[in-house]
Every structure is written in structure tokens, then in C-alpha cells.
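# Topology and contacts: notes
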Amino acid sequence: MFLKILAKHNNREWMQANRQAYEAARADFLQFTQQILTGFAKYEADLLPLQPKDCVFRQNRDVRFSADKSPYKINMGAAFSKGGKKSVLAGYYFHLEPGKSFVGGGLWMPDKVLVQKVRQEIDYCWDEWQLMLKHKSFQKYYDDFSREPEMVLQREPKGYDKNNPAIAYLKMKSWVAAQPLSDASLTEPNLVKNVIDAFKALQPFVHFMNRAIEG
């Protein structure tokens, strides 16, 4: 796989010498992204205007503020959101990386205004949020939202009581759910269907958060 080799030769000289292999790998990923768009847009009309280029992230890394100066990402990713990959709205994501691939989505590191809107919606509509959490399709794919340290406050946010029944989700700064994908699963013929089904399981949460954001 191209990405495995890139991880071992992450420099501009190697990339220039292997540009044709990179272009072929990227074309395959764009084609895969189109299949996801075509299939999932039947259930998510906001994605109908999008093209693969609106979803797939560039391979070059922004190294300006990073200690790691490796010029290229060793993964390929595609975000499926209303307005495309640069949207501030909640959406869906597919991550391709040897040994670390996953499918999922949600709302990743929004600004403070959007965080407050989503927290308020969860607080006001806690019963609805709980029902979505317990739904069998969400449980099948995700079980719960990720709780990486950078995604969660250590204390309750200002204006919320620590005994609020929704406090575990009100403390979040990002609401992201993900299901790992094995390398073997990436070559199975039903991969596109599995990704779309995983997106559909997360769809009620995406709509819930976007309802809060868009008012």
C-alpha cells in the first residue's frame, strides 16, 4: 500500500520520484469517496452538491507550528459535511491509515460559540439524546462518544451543575464517535456499504448538533 511506503520515506525527494504512484493512490481514494457520496446522499440530501474534491483533504501537512516537520500526512481522509470539508457543521469522516483506519464523525473541536449551542441543546433535549445513545444501530457501531483528554473538560462547564444528568456530555468540547476498521476490512467488497451504514447510525446525532448550530 502506498501509505505504508510513504510512512517510511516521508520526504519531498521521495515523493517527487514516486509522484505517479501517489497520483494513482489518490485517484483510487477519490473514486472511493465518490462511491460514498453517491450512496449516502440518498439519505443525506445536504451532500448532493458535493464532489470528492470537496471532501478529501490535501496530503501536505501544515508544519508551521509543529515540531514534526514531515511534509506529508501518512493517511488519507475525507469529510462528508454540508458545505464540504471546511464546514463548521457536524458531519461524517472516513480515515484511511494502515493499522489505524476508522469510520465515524460528529463535531470536532468547534469554536466556543458552537460548543455552547450544542451543550444547550443536549441540556434542553437530554431525553432525545439518551434515546439516540441507546438506539441499537448506534450501539452496534460506536457504543459511545470518544473521550480523549483533549475532548473533555476536567470540571463542569460554567453555568451547569455537576449533578446534571447530562454532565458527561456537557463537559465535552468535541462530540466524535468512531469505529476502528481493520486493514483486512478495507479490501472487502462490502466496504462502501459498511461505511454508509456506519454513517447512517450516526446521522441522528449529526442532525441534532446541526440543528443546534444552525438554530
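See the structure shown above.
I will try to describe carefully the structure that is included in this document.

The rules behind these values
Residues numbered from 1 in each chain as written. Predicted model: local features only at pLDDT ≥ 70, side-chain atom pairs only at ≥ 80, totals over all residues. Heavy atoms only, no water. Buried < 20%, exposed > 50% of the residue type's maximum accessible area, 1.4 Å probe, protein only. Helix = DSSP H or I, 4+ residues; strand = E, 2+ residues; numbered from the N terminus. Arc of directions from axis to C-beta. Contact = heavy atoms within 4.5 Å. Core = buried A, V, L, I, M, F, W, Y, C linked by side-chain atoms within 4.5 Å. Salt bridge = Lys/Arg side-chain N within 4 Å of Asp/Glu carboxyl O.

## So, helix H6 (residues 126–134)
- The complete set of buried residues in H6 reads Trp126, Trp129, Met132 and Leu133. All buried residues of H6 lie within an arc of 120° about the axis, which places them on one face of the element. Exposed and oriented more than 90 degrees from the buried face of H6 are Asp127, Leu131 and Lys134.
- On its buried side, H6 packs onto helix H5 (112–124), helix H7 (136–141), helix H8 (167–170), strand E4 (175–181) and helix H9 (191–214).

## A look at the nonpolar core
- Membership of the largest hydrophobic core comes to 64 residues, with the highest contact counts inside it found for Phe80, Phe94, Ile122, Trp129, Phe145 and Trp175.
- Here the element with the most residues in this core is H9; it accounts for 14 residues.
- With near-sequence residues (within four places) excluded, Phe80 lies in contact with Thr33, Ile36, Leu37, Leu47, Cys55, Gly91, Tyr92, Phe94 and Phe199.

## Description of the pattern of salt bridges
- All chains considered together, the criterion is met by 9 salt bridges.
- Among the ionic pairs, Glu23 bridges to Arg19, the shortest N-O distance being 4.0 Å. A residue pair is termed a helical-turn pair when its members lie 3 or 4 positions apart in one helix, as Glu23 and Arg19 do in helix H3 (residues 19–40) at 4 residues.
- For Glu23, a relative accessible area of 40% translates into the label partly exposed.
- The closest approach of N and O atoms between Arg64 and Asp62, which form a salt bridge, is 2.7 Å.
- In this structure Asp62 comes out as partly exposed when scored by relative accessible area, which is 45%.

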